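Fold and geometry: a report
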Amino acid sequence: MSEVPTVRGPVSSAGLGPTYMHEHIFTLTADVQQNYPQEWGSEEARVADAVGKLGALAAQGIATIVDPTVVGLGRYIPRIQRVAELVPELNIIVATGLYTYDSVPFFFRHRGPALTEVLGTEVPDPMVDMFVADIVEGITGTGVKAGLLKCAIDAGGMTPGIERVMRAVAAAHHRTGAPVMVHTHPGSRTGLEVKRVLDHLAGLADAGFLLGMDRFGLNVETTFEARADTLVEMCRRGYAGSMVLSQDASCYIDWIDQEVLPFLAQWDYLHIGDEVLPYVRDRGVVEDEIATMLVENPRRFFETAAVGG
C-alpha cells in the first residue's frame, strides 16, 4: 500500500476504489484557446458542465479517475482544482509529461540534448527536471503533485522527438519512481486483423505491460462490438489481470468540431457502466474480472510503478 497524490491531496492506494485510468476533463489547444476563446465561451459554464458530468460518473460508482492531460493537451491545474473541490466524492489524479506524435515543441528545440553536438558535451534535458518537479514539488505553485508520467507514440513511430520525450520520461521515472503511461497506436502494429490485434495485446501483457483498454465509445476506426468483443476475448484468455478500463473521454475537447460530437454519442464517461459492462457480462466476463480491471489493477499500477501501455 502506498500514498497516491490526487488534486485534493494524497489518498491510500487501497482506497482508490473503482478507477478509470484514462479520462480527460479538458483537452485543449492552449494557445488557440488563449487567442480565440469564442467556442470555449463561459468559464463558469464549462466548470459547471464538468462538475455535472463528473458527479454523474461518481454516482455510477467510480471513485477515481486518472487525467493524463499534460503539456501538448492543454493542462491547466487551477481549473482542475476548481472542479475537484466541487466533486469531492471523486479522486482526480493528474500527470506530468509531454504529448506529441512527432517533434518536441519549439520551446525545447534548441535546449538540452539539441545543443550537445554544437557544444561538444552532453547537455541535460530540461524536460527531466520539469517532470521531476511536478512530481516532487507540485505543479506551477498549486501544490498539486503529478501521480504519473505520460508520453505517446502513434502511427509515425519512434521519431527523434518521440525518443527524446521517452528518454526524459524514463529518466524522471527512475528519479522519482512515478509510474508511466504511454499512448500507443495498435493499428500501426496490427492493422484491423482481429487475431493479430489480440496476439499483440497478449504479447504486451506477457511482457508485463498493463494494457489501457481506454477508447470505449470512440467508435470511429472500429465499432462498439469490436472493442467490447476484444475485451471479452482477452478475459477469456486469462488477461483480466493485465487490463484497465476507461473511455478517454473529456468534458470538452477542442480537437473536434463541436458540431461533430453528437455523432459520437457513446463517447462519454458513462458508456462503460451503461453499455460496455452489461455487454461483456452477457458474454461471460464475471464480476471478479471486472473488479480486477477496475480496482485491483489500478491499485497495483500505483503501488508497483508498472509501465502502462
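One can expect most non-glycine residues to show negative phi and most peptide bonds to be in trans. Unusually for a residue other than glycine, threonine 140 sits at a positive phi of about 50 degrees. Its place among the elements puts threonine 140 in the loop between helix H6 (126-136) and strand E7 (148-152).

Here the focus is the nonpolar core. If you look at the biggest cluster of nonpolar residues, it comprises 77 residues, and the most contacted ones within it are Ile25, Phe26, Leu54 and Leu231. Counting 17 residues, the second largest nonpolar core, distinct from the first, contains Leu16, Leu148, Met181 and Val244.

The next point concerns the environment of aspartate 129. You can see aspartate 129 is positioned in helix H6. The exposure class of aspartate 129 is partly exposed, given its relative accessible area of 47%. Along the chain, aspartate 129 and alanine 168 lie 39 residues apart, while their C-alpha atoms are 8.9 Å from each other. Within the local environment of aspartate 129, its side chain forms a polar contact with the side chain of arginine 175, the two groups lying 3.0 Å apart.

With that settled, the discussion passes to the confidence of the model for the protein chain. Confidence in the prediction of the protein chain, expressed as mean pLDDT, is 92, and 94% of residues score 70 or more. Segment residues 189-194: pLDDT under 50, and 8 contacts once partners within four positions in sequence are set aside and those in other chains are kept.

Applying the stated rule across the entire model yields 7 aromatic pairs. Aromatic pair tryptophan 40 and tyrosine 252: ring centres 5.2 Å apart, planes at 80 degrees, arrangement edge-to-face. Remark: tyrosine 252 occurs in strand E11 (residues 252-253) and tryptophan 40 occurs in the loop between helix H1 (30-35) and helix H2 (43-59); sequence separation between them is 212 residues. The exposure classification of tryptophan 40 matches that of tyrosine 252, with both residues buried. Cluster of aromatic residues (ring-pair linked, three or more members): Phe26, Trp40 and Tyr252. Sitting over the face of the ring of tryptophan 40, arginine 46 holds its NZ or CZ atom 5.5 Å from the ring centroid.

Contact geometry of H2 with helix H3 (residues 77-86) gives a least axis separation of 9 Å together with a crossing angle of 45 degrees. Overall, the two elements H2 and H3 adopt an arrangement that is oblique. Considering only the axes of H2 and H3, their crossing is right-handed. Where H2 approaches H3, its residues Glu43, Glu44, Val47, Ala50, Val51 and Leu54 are matched on the opposing element by Arg79, Arg82, Val83 and Leu86. Here the residues of the contact of H2 with H3 are counted per class, giving 6 nonpolar, no polar and 4 charged.

Below, the discussion takes up the environment of serine 13. On the secondary structure map, serine 13 appears in the loop between strand E2 (11-12) and strand E3 (19-20). It is 8.5 Å that separates the C-alpha atoms of serine 13 and proline 298, two residues lying 285 residues apart in sequence.

On to the packing of H6 against helix H7 (residues 160-176), then. H7 packs onto H6 with a crossing angle of 40 degrees between their chain directions and a minimal axis gap of 9 Å. In this view, H6 runs oblique relative to H7, as classed from their interaxial angle. Our pair here, H6 against H7, has a crossing hand that is right-handed. Contacts between H6 and H7 involve Pro126, Met127, Val128, Asp129, Phe131, Val132, Ile135 and Val136 from the first element and Arg164, Val165, Ala168, Val169, Ala171, Ala172, Arg175 and Thr176 from the second. Here the contact of H6 with H7 is composed, by residue class, of 12 nonpolar, 1 polar and 3 charged.

Bringing the pattern of salt bridges into the picture now. Summed over all chains, the structure comprises 14 salt bridges. Its salt-bridge partner being lysine 53, residue aspartate 49 comes within 3.0 Å of it at the nearest N-O pair. One end of the pair, aspartate 49, and the other, lysine 53, are both in helix H2, 4 residues apart, so they sit about a helical turn from each other. By relative accessible area, which is 29% here, aspartate 49 ends up partly exposed. Given a relative accessible area of 34%, lysine 53 falls into the partly exposed group. Among the ionic pairs, arginine 299 bridges to glutamate 303, the shortest N-O distance being 2.6 Å. Residue arginine 299 and its partner glutamate 303 are both found in helix H12 (residues 287-304); the two are separated by 4 residues, about one turn of the helix. Taken together, the salt bridges that share partners define one network made up of Glu233, Arg236 and Arg237.

Criteria and thresholds
Residues numbered from 1 in each chain as written. Predicted model: local features only at pLDDT ≥ 70, side-chain atom pairs only at ≥ 80, totals over all residues. Heavy atoms only, no water. Helix = DSSP H or I, 4+ residues; strand = E, 2+ residues; numbered from the N terminus. Core = buried A, V, L, I, M, F, W, Y, C linked by side-chain atoms within 4.5 Å. Buried < 20%, exposed > 50% of the residue type's maximum accessible area, 1.4 Å probe, protein only. Polar contact = N/O pair within 3.5 Å; in protein donor to acceptor, adjacent residues only side chain to side chain. pLDDT = per-residue confidence, 0-100. Contact = heavy atoms within 4.5 Å. Phe/Tyr/Trp six-rings, centres within 6.5 Å; stacked < 30°, edge-to-face > 60°. Lys NZ or Arg CZ within 6 Å of the ring centre and 35° of its normal. Axes fitted to C-alpha atoms, helices over the stretch in contact; angles between N-to-C directions. Parallel < 35°, antiparallel > 145°, perpendicular 65-115°, else oblique. Left-handed = near helix turned anticlockwise from the far one by under 90°. Nonpolar A, V, L, I, M, F, W, Y, C, P; charged D, E, K, R; others polar. Salt bridge = Lys/Arg side-chain N within 4 Å of Asp/Glu carboxyl O.

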